[in-house]
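What follows is the residue order along each chain.
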Amino acid sequence: MRNARYIFVCGAALASRTAISGGMPSERAFNISDLYIRKMDKLNTVNEIHALQIDMFSLYTHEMAELDKKSVFSKPVTLCMDYIYYHLHESIPVQELARLTKLNASYLSTLFKKESGVTISEYILSKKMEAAGNMLKYSDYTYAEISSFLNFSSQSHFIRVFKKQKGITPRQYREKYYTFVTDERGNRQESIP
């Protein structure tokens, strides 16, 4: 078991590094790795670990295939997107992104909208909602904890925004996507879609 766990962790590290070098945002690659390692820690047989490893590699492969279909962005827009990924838990003013890219805030906003099709604030909100969705699917964090982590002014504000963006409440989203499976002993475990 110890060897299977060690090989799994090494495989997760290599898969995340390879995905990052292939263009996957590092935060996403590391989140996948962390989620699967936590899931692996709860498993009790080598066969379960091997099955989870196959599932993890399949997810990385699927997400990398999806990345190939997406547009390529200019360096300033890419810098902004990367900064946003790493700072979702903070307030992200356009002025900070302008300072980072050494561009005028107005020009940066126009460039970002032209290349991505959405405004900077819309992009930030969509990434916060994506992170919230992942936290609802893959963790037991409360709505208040998710709201606080993603820097919403209150839990009720987070719930309102989530419902507006996703069309359902965080509770409905979690009920729909957060599922459990049982292992061969009948113990309830989280499933990772």
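Residues numbered from 1 in each chain as written. Predicted model: local features only at pLDDT ≥ 70, side-chain atom pairs only at ≥ 80, totals over all residues. Heavy atoms only, no water.

Visitor: What should I look at first to understand the overall build of the protein chain in this one?
Guide: Looking only at helices and strands, the protein chain features 10 helices and two strands. Along the chain direction, N to C, the helices and strands of the protein chain fall in the order α-α-α-α-α-α-α-α-α-α-β-β. By residue count, 41% of the 193 residues in the protein chain fall in the buried class. Considering only residue pairs separated by 6 or more positions, the protein chain has 61% of its internal contacts joining residues 24 or more positions apart. For the protein chain, the accessible area works out to roughly 11,300 Å², and carbon and sulfur atoms hold 54% of it. (Helix = DSSP H or I, 4+ residues; strand = E, 2+ residues; numbered from the N terminus. Buried < 20%, exposed > 50% of the residue type's maximum accessible area, 1.4 Å probe, protein only. Contact = heavy atoms within 4.5 Å. Areas by Shrake-Rupley, 256 points an atom, 1.4 Å probe, with all protein chains shown as cover.)

Visitor: What's the story with the nonpolar core in this structure? I'm lost.
Guide: In globular proteins that are soluble, nonpolar side chains generally tend to be buried together. Counting residues in hydrophobic clusters, the biggest one holds 30 residues, and the most contacted among them are I84, L97, F112, I146, L150, F158 and F162. Here I146 is in contact with A132, M135, L136, Y141, F158 and R174, once residues within four sequence places are set aside. Formed by 18 residues, the second largest nonpolar core is a distinct cluster that contains A15, A29, I32 and M64. (Core = buried A, V, L, I, M, F, W, Y, C linked by side-chain atoms within 4.5 Å.)

Visitor: Explain the environment of A4 to me, please; I cannot follow it from the model alone.
Guide: Along the chain, A4 falls in helix α1 (residues 2-21). Note on A4: relative accessible area 10%, which makes it buried. The residues contacting A4, other than those within four sequence positions of it, are V46 and I49.

Visitor: Just to check I follow, could you spell out the environment of Y60 for this structure?
Guide: By the secondary structure assignment, Y60 is in helix α3 (residues 46-68). Note on Y60: relative accessible area 4%, which makes it buried. Taking the C-alpha atoms as reference points, Y60 and A29, 31 residues apart in sequence, are found 8.0 Å from one another. Each residue touching Y60, except ones within four places of it in the same chain, is listed here: A12, A15, S16, A19, M24, A29, I32 and S33.

Visitor: What exactly am I supposed to notice about the packing of α1 against helix α2 (residues 26-41) here?
Guide: Look at α1 against α2: their axes get within 8 Å of each other, and the N-to-C directions meet at 165°. Judged on the interaxial angle alone, α2 and α1 are roughly antiparallel. Pair α1 / α2 crosses with right-handed handedness. Residues R5, F8, V9, A12, A13, S16, A19 and I20 of α1 lie in contact with α2, whose contacting residues are S26, A29, F30, S33, Y36, I37, M40 and D41. In terms of residue class, the contact of α1 with α2 is made up of 11 nonpolar, three polar and two charged. (Axes fitted to C-alpha atoms, helices over the stretch in contact; angles between N-to-C directions. Parallel < 35°, antiparallel > 145°, perpendicular 65-115°, else oblique. Left-handed = near helix turned anticlockwise from the far one by under 90°. Nonpolar A, V, L, I, M, F, W, Y, C, P; charged D, E, K, R; others polar.)

Visitor: Looking at this structure, I do not really get the packing of aromatic side chains. What am I missing?
Guide: The description of two aromatic rings rests on the distance between their centres and on the angle between their planes. According to the stated counting rule, one finds five aromatic pairs in the structure shown. Ring plane angle 55° and centroid distance 5.9 Å describe the contact between F158 and F162, whose orientation is recorded as tilted. On the criterion of helical spacing, the pair formed by F158 and F162 is a turn pair, its members being four residues apart in helix α9 (residues 155-166). Accessibility classification places F158 together with F162 in one group, the buried group. Measuring from centroid to centroid gives 4.6 Å for Y173 and Y177, while their planes differ by 50°, and the two rings are tilted. Here Y177 and Y173 lie together in helix α10 (residues 170-177), a separation of four residues that amounts to about one turn. Looking at K137, its charged tip hangs above the ring of Y177, at a distance of 5.3 Å from the centre. (Phe/Tyr/Trp six-rings, centres within 6.5 Å; stacked < 30°, edge-to-face > 60°. Lys NZ or Arg CZ within 6 Å of the ring centre and 35° of its normal.)

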